[in-house]
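Take a look at the letters that make up each chain.
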Amino acid sequence: DLSDLVTRLTDQVRELVENYSQEYYDLITDVEGKGRQKVMELSSAAQEKVRYWSAVAKRKINELNRQVKTKLQEINGQLSDSQEKLINVAKMLIDLTVEKYSTFMKYIFELLRWFEQATADSIKPYIAIREGELRIDVP
């Protein structure tokens, strides 16, 4: 919208210059003294155009400012919601990681117990324990 406004203002200035350039030239070459009156008329017309453009630009800027504030408030609300969702997802991932880690550690402990039992069972035939005696048979 702002770029359209600037384009329109540029076109209007170009049009103003094109429309009044011949009159300015006529004023400069005017020998009867009417040039001063024409310059004042043209100056008033130019001032009126500038006032109009200023008013249009101010209205447009105020409208855009209001729209930007509204969008920023919407974005702020969305960021708050996103932050809350991110925190919840992070908590869920941490809980899941702890759960999976616990399951993995249980598996490792069971594997170690199995190794311990398998090793103990395989060396039992070679070790004999009696009161006051330990006998190890080496094959």
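None of these values were measured; they are calculated from a predicted model.

Details of the overall build of the protein
Argument step 1. From N to C terminus, the protein includes two helices and two strands.
Argument step 2. Its helices and strands in sequence order give the protein the pattern α-α-β-β, from N to C terminus.
Argument step 3. In the protein, which comprises 139 residues, the proportion classed as buried is 6%.
Argument step 4. For the protein, the accessible surface area stands at approximately 12,500 Å², while carbon and sulfur atoms represent 59% of it.

What to know about the pairing of strand β2 (residues 133-136)
Argument step 1. Two elements, strand β1 (residues 127-130) and β2, share four bridges in a ladder whose sense is antiparallel. Residue isoleucine 127 lies in a different strand from β2, and its bridge partner there is isoleucine 136.
Argument step 2. The turn joining β1 and β2, which pair antiparallel and follow one another in sequence, is formed by two residues; a positive phi near 75 degrees is taken by glycine 132.

Comments concerning the pattern of salt bridges
Argument step 1. Applying the stated criterion across every chain yields a total of two salt bridges.
Argument step 2. Notably, a salt bridge pairs arginine 51 with glutamate 48, separated by 3.3 Å at the nearest N-O pair. With arginine 51 and glutamate 48 both in helix α2 (residues 35-123) and three residues apart, this pair spans about one turn of that helix.
Argument step 3. Between lysine 71 and glutamate 74 there is a salt bridge; the shortest N-O distance is 3.9 Å. Of the two residues, lysine 71 and glutamate 74 both sit in helix α2, three residues apart, roughly one turn of that helix.
Argument step 4. On the basis of relative accessibility, which here comes to 51%, the residue lysine 71 falls in the exposed class.
Argument step 5. On the basis of relative accessible area, glutamate 74 is assigned to the partly exposed category, the value being 41%.

Brief notes about the UniProt feature "coiled-coil region" (unreviewed entry) in the protein
Argument step 1. Mapped onto the present numbering, the UniProt feature "coiled-coil region" (unreviewed entry) falls on residues 54-85.
Argument step 2. As annotated, residues 54-85 has a helix share of 100% and a strand share of 0%, and its two end C-alpha atoms lie 46 Å apart.

Comments concerning a nonpolar patch on the surface
Argument step 1. A cluster of nonpolar side chains, Phe104, Tyr107, Phe109, Leu111, Leu112, Trp114 and Phe115, forms an exposed patch at the surface whose accessible area comes to about 770 Å².
Argument step 2. When you line up the elements, tryptophan 114 lands in helix α2.

Describing the confidence of the model for the protein
Argument step 1. This prediction gives the protein a mean pLDDT of 81; 82% of its residues lie at or above 70.
Argument step 2. Averaged pLDDT values for the elements of the protein fall to 71 in helix α1 (residues 2-28) and rise to 87 in α2.

Some thoughts on the environment of leucine 16
Argument step 1. Positionally, leucine 16 belongs in helix α1.
Argument step 2. The exposure class of leucine 16 is buried, given its relative accessible area of 18%.
Argument step 3. The spatial distance from the C-alpha of leucine 16 to the C-alpha of alanine 45 is 9.8 Å, given a sequence separation of 29 residues.

So, how was this worked out
- Residues numbered from 1 in each chain as written.
- Predicted model: local features only at pLDDT ≥ 70, side-chain atom pairs only at ≥ 80, totals over all residues.
- Heavy atoms only, no water.
- Helix = DSSP H or I, 4+ residues; strand = E, 2+ residues; numbered from the N terminus.
- Buried < 20%, exposed > 50% of the residue type's maximum accessible area, 1.4 Å probe, protein only.
- Areas by Shrake-Rupley, 256 points an atom, 1.4 Å probe, with all protein chains shown as cover.
- Pairing = 2+ DSSP bridges.
- Salt bridge = Lys/Arg side-chain N within 4 Å of Asp/Glu carboxyl O.
- UniProt positions renumbered as here; feature names shortened; annotations may be inferred.
- Patch = residues over 30% accessible without salt bridge, like charges linked within 9 Å, V, L, I, M, F, W, Y side chains within 5 Å.
- pLDDT = per-residue confidence, 0-100.

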